[in-house]
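Each chain, letter by letter, is given below.
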2 protein chains.
Amino acid sequence: MSTRSDRISADERREQILDAAVAVFGEFGYAGTSTDRVARAAGISQPYVVRLFGTKEQLFIETLRHTLERLLATFRAALPVDAEEASVEQRLGEAYLRLVEDRGVLLTLLHGFMLGSDPGIGPVARDGFLQVFRMLRDEAGLAPEQIHRFLADGMLINTLLATGIGVDAATDRDAADLMECTFGERVGEVLARASA
Amino acid sequence: MSTRSDRISADERREQILDAAVAVFGEFGYAGTSTDRVARAAGISQPYVVRLFGTKEQLFIETLRHTLERLLATFRAALPVDAEEASVEQRLGEAYLRLVEDRGVLLTLLHGFMLGSDPGIGPVARDGFLQVFRMLRDEAGLAPEQIHRFLADGMLINTLLATGIGVDAATDRDAADLMECTFGERVGEVLARASA
DNA sequence: GTCTATACTAGGATAGAC
DNA sequence: GTCTATCCTAGTATAGAC
């Protein structure tokens, strides 16, 4: 959460603010986030955030775009075949899990998707989702049914991580079973991260 | 959205308010919803909503519980074998699609799931999700891998409906393909509902 | 490039009447 | 059972100085 240092370039400052914003929007959602909270997380004053981004909506839109770009970049970095015997889907899945370990990233994306009816935010969210779809089809070379599976698994993972059912898994047998049947052999790993 | 009629029993009034609340919380999210908006949707005054539910958080929690119960009830009603040759999963899937046609229901559930970190709301959301899991396992008799598929598909459906990608499908070929590869032969039906 | 001061609105919750 | 009036806080955005 970016430490303060006086008088840096506006571009650098924007980056700092966006990083802070991912965490804050993720935690409190779009409506629940105040520009002041983002400002404090970035170590600057509230009016300056507004000055740089215009409105809170614009700030969220840019934060969402920023996060979607990070998602795309993460997937692209996982495309080239590695030394292991992993399939494309496995490589992409691994990369995704590592990315959404950052709860801010996970929830900023989800909050964006849920604002589909918002005239300013909806189009950005849909466009981002479609870009992922195209990437899976054109760059990863997945067939329709593979895309379907990959996305569906991803959305279930999102939900389980968002609700935090993994934390219950330590004490609740059913929660553990649910995690197990979703994450398979990777449960241990995921649960370890969840409690960390 | 419940029409006003003076001096009914508190219980009836609570039901009216909960119905209104599902629609409003769905549209604006937890933080984005004002108790005043819910009150107006229910045709009563804002302080009376607070009087009946204590706090906005309590109102949301009861709204979420109410919606989760409706979900469970919908699934249970779809369990008994019907005249058609449909599998349990197909019957449950059909029932689910009809339920979440109500955007308020869909989004209230999703908003609830995303508030997993909230100390008051998180436990309710997790408990609801676990109840669904148990129902699929114990009452529908699904095997772990079937549950996994069913839930994953459901979560993808949620996301596509929430973002509103179906609306884009009319003009964007990729959006149409994405809908197709998720909903299969049921696309037409879903898209027709989406535009209605 | 960044701040302080501030205007203005919205919203949760309470008091108390009917 | 339900309302009106009201308090108080929080939050967006602007003006203007440094």
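Small disclaimer: the values here were computed from a predicted structure and weren't measured.

**Focus: the relation of the copies chain A and chain B**
Right, so step 1: Placing chain A over chain B gives an RMSD of 0.0 Å and needs a rotation angle of 180 degrees, together with 0.0 Å of translation along the axis. What we have between these two chains is a two-fold relation. In terms of proximity to the rotation axis, the leading residue of chain A is Ala152(A), whose C-alpha is 2.4 Å off the axis.
Right, so step 2: Most of the interface of chain A is mirrored in chain B, where 100% of its interface residues are also at the interface.

**Side note on the side chain of Asp174(A)**
Right, so step 1: Relative to the helices and strands, Asp174(A) resides in helix α10 (residues 173-183).
Right, so step 2: Classification of Asp174(A) as buried rests on a relative accessible area of 13%.
Right, so step 3: For Asp174(A), the residues in contact, after removing those within four places along its chain, are Leu130(B), Phe133(B), Arg134(B) and Arg137(B).

**Remarks on the pattern of salt bridges**
Residue and element names in this part refer to chain A.
Right, so step 1: Summed over all chains, the structure comprises 28 salt bridges over all chains.
Right, so step 2: Its salt-bridge partner being Asp-138, residue Arg-137 comes within 2.9 Å of it at the nearest N-O pair.
Right, so step 3: Among the residues examined, Asp-138 registers a relative accessible area of 52% and is labelled exposed.
Right, so step 4: Note that Glu-145 and Arg-149 form a salt bridge whose closest N and O atoms lie 3.6 Å from each other. Here Glu-145 pairs with Arg-149, and both are found in helix α8 (residues 144-163), just four residues apart, close to one helical turn.
Right, so step 5: The exposure class of Glu-145 is partly exposed, given its relative accessible area of 41%.

**Quick look at the UniProt feature "domain: HTH tetR-type" (unreviewed entry) in chain A**
Right, so step 1: Listed under "domain: HTH tetR-type" (unreviewed entry) in the UniProt record, and renumbered for this structure, are residues 11-71 of chain A.
Right, so step 2: For residues 11-71 of chain A, helix accounts for 89% and strand for 0%, while the C-alpha atoms at its two ends are 21 Å apart.

Criteria and cut-off values
- Chains are numbered independently. Their residues run from 1 in the order of the written sequence.
- Naming scheme: in the order in which they are written, chains are lettered from A and ligands are numbered from 1.
- With the structure being a predicted model, the display of local features is reserved for residues of pLDDT at least 70 and the display and counting of side-chain atom pairs for 80 or more, all residues being used for whole-chain, interface and lining totals.
- The side-chain figures draw on all heavy atoms in the structure; neither hydrogens nor water molecules are used.
- We place the copies in one frame by least squares, fitting the C-alpha atoms of every residue whose pLDDT is at least 70 in both.
- Working rule for contacts: check all heavy atoms of both residues, and any pair within 4.5 Å makes them a contact.
- Each helix corresponds to a stretch of at least 4 residues labelled H or I by DSSP, and each strand to a stretch of at least 2 residues labelled E; elements are numbered beginning at the N terminus.
- Burial classes: relative accessible area under 20% of the type maximum marks a residue as buried, over 50% as exposed, and values in between as partly exposed (1.4 Å probe, protein chains only).
- A carboxyl oxygen of Asp or Glu within 4 Å of a side-chain nitrogen of Lys or Arg is what we treat as a salt bridge.
- UniProt positions are given in the numbering used here, feature names are shortened, and annotations may be inferred rather than shown by experiment.

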